[in-house]
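Understanding the architecture of this molecule
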Amino acid sequence: MAIREIIEVPDPRLKVISEPVTKFDDELKTLVADMFETMYDAPGIGLAAIQVGVPQRVLVIDLQPEDPDAEPEVCTAHGGHAHSHQPLKREPRVFINPEILDPSDDFSVYSEGCLSVPEIYADVERPARIRARWQDLDGKVHEEEMDGLLATCLQHEMDHLEGILFIDHLSRLKRQMALKKLDKLRKTA
Ligand code: NI
């Protein structure tokens, strides 16, 4: 496994439409393993293959919920006073050739970010519930109803397969402000 470089705006590859996966082989398994390692390292909760420069319809997601069964760790990192963090429980999920069926008519709003648009967050409205269909690493088809953060995250990642970024859902003015802010952050970094 290896951490791959995450491409960032304005890299033109982020606008590429990704191709369906047809071969469920070792190369695909290596790509997915590398994508998880890259996403956990970043860290992020979702990554599309095109974000590491591979134009294939492959997504990885791990919402990393806190593990209720794990022992809390005591942390003194924040201003010196001790408090506890619940360790994260890993729930890696792979989506190959994903499709959205039956998006709901009602919407939910999340403050979204993206590893390819670092440090920028903005509210995006998307259908609150979807049914998703996808293939796993062996090519087996799965279908599931989703809502909440998982539904939003899957829709965000699926946009990447069409060359769309979350900032493309914003008004032109808000998108320009976000890109200006990113420019400024890069110059001071
Ligand atoms: Ni993204």
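Computed from a predicted model, the values in this text were never measured in an experiment.

Remarks on the packing of aromatic side chains
For any pair of aromatic rings, the description rests on two quantities: the centre-to-centre distance and the angle between the ring planes. All told, the structure shown has 2 aromatic pairs when counted by the stated rule. On the numbers, 6.0 Å between centres and 20° between planes, the contact of F36 with Y40 is stacked. Remark: Y40 and F36 occur in helix 1 (residues 26-41); sequence separation between them is 4 residues, near one turn of the helix. As far as the burial class goes, F36 and Y40 line up, both buried.

As for the nonpolar core
Core analysis: the largest hydrophobic core is formed by 17 residues, its most contacted members being L31, M35, F36, L47, V58 and V60. Among the secondary structure elements, those contributing two or more residues to this core are helix 1, strand 2 (58-61) and strand 5 (93-101). Sorting elements by how many residues they give to this core places helix 1 first, with 7 residues. Residue contacts for F36: discarding those within four places in its chain leaves V60, I61, P92, R93 and V94.

Points about the layout of surface pockets
Here the largest pocket is characterised by a volume of approximately 560 Å³. The wall of the largest pocket is formed by 25 residues, among which G44, I45, G113, C114 and L115 lie closest to the centre. For the lining of the largest pocket, the elements supplying multiple residues, two or more each, are strand 6 (107-114), strand 7 (117-127) and helix 2 (148-161). In the lining of the largest pocket, the residues fall into 13 nonpolar, 8 polar and 4 charged.

Some thoughts on the side chain of Q51
Along the chain, the position of Q51 falls in the loop between strand 1 (46-48) and strand 2. If we ignore the near neighbours within four places in the chain, the residues touching Q51 are E5, I6, I7, L14, G46, C114, L115, S116, E157 and H160.

Focus: the pattern of salt bridges
Per the counting criterion, the structure on display carries 13 salt bridges. A salt bridge links R4 to D34, with the nearest nitrogen and oxygen atoms 2.8 Å apart. Within this pair, whereas R4 is found in the segment before helix 1, its partner D34 is found in helix 1, the two being separated by 30 residues in sequence. Exposure remark for D34: the relative accessible area of 6% places this residue in the buried category.

Quick notes on the rules
- Residues numbered from 1 in each chain as written.
- Predicted model: local features only at pLDDT ≥ 70, side-chain atom pairs only at ≥ 80, totals over all residues.
- Heavy atoms only, no water.
- Phe/Tyr/Trp six-rings, centres within 6.5 Å; stacked < 30°, edge-to-face > 60°.
- Helix = DSSP H or I, 4+ residues; strand = E, 2+ residues; numbered from the N terminus.
- Buried < 20%, exposed > 50% of the residue type's maximum accessible area, 1.4 Å probe, protein only.
- Core = buried A, V, L, I, M, F, W, Y, C linked by side-chain atoms within 4.5 Å.
- Contact = heavy atoms within 4.5 Å.
- 1 Å grid on protein atoms, 1.4 Å probe; cavity = no way out; pocket = protein on both sides within 12 Å on 5 of 7 lines; lining within 4 Å.
- Points joined across faces, edges and corners; volume = space filled by probe spheres on them.
- Nonpolar A, V, L, I, M, F, W, Y, C, P; charged D, E, K, R; others polar.
- Salt bridge = Lys/Arg side-chain N within 4 Å of Asp/Glu carboxyl O.

Geometric descriptors of this kind do not, in isolation, establish any biological role.
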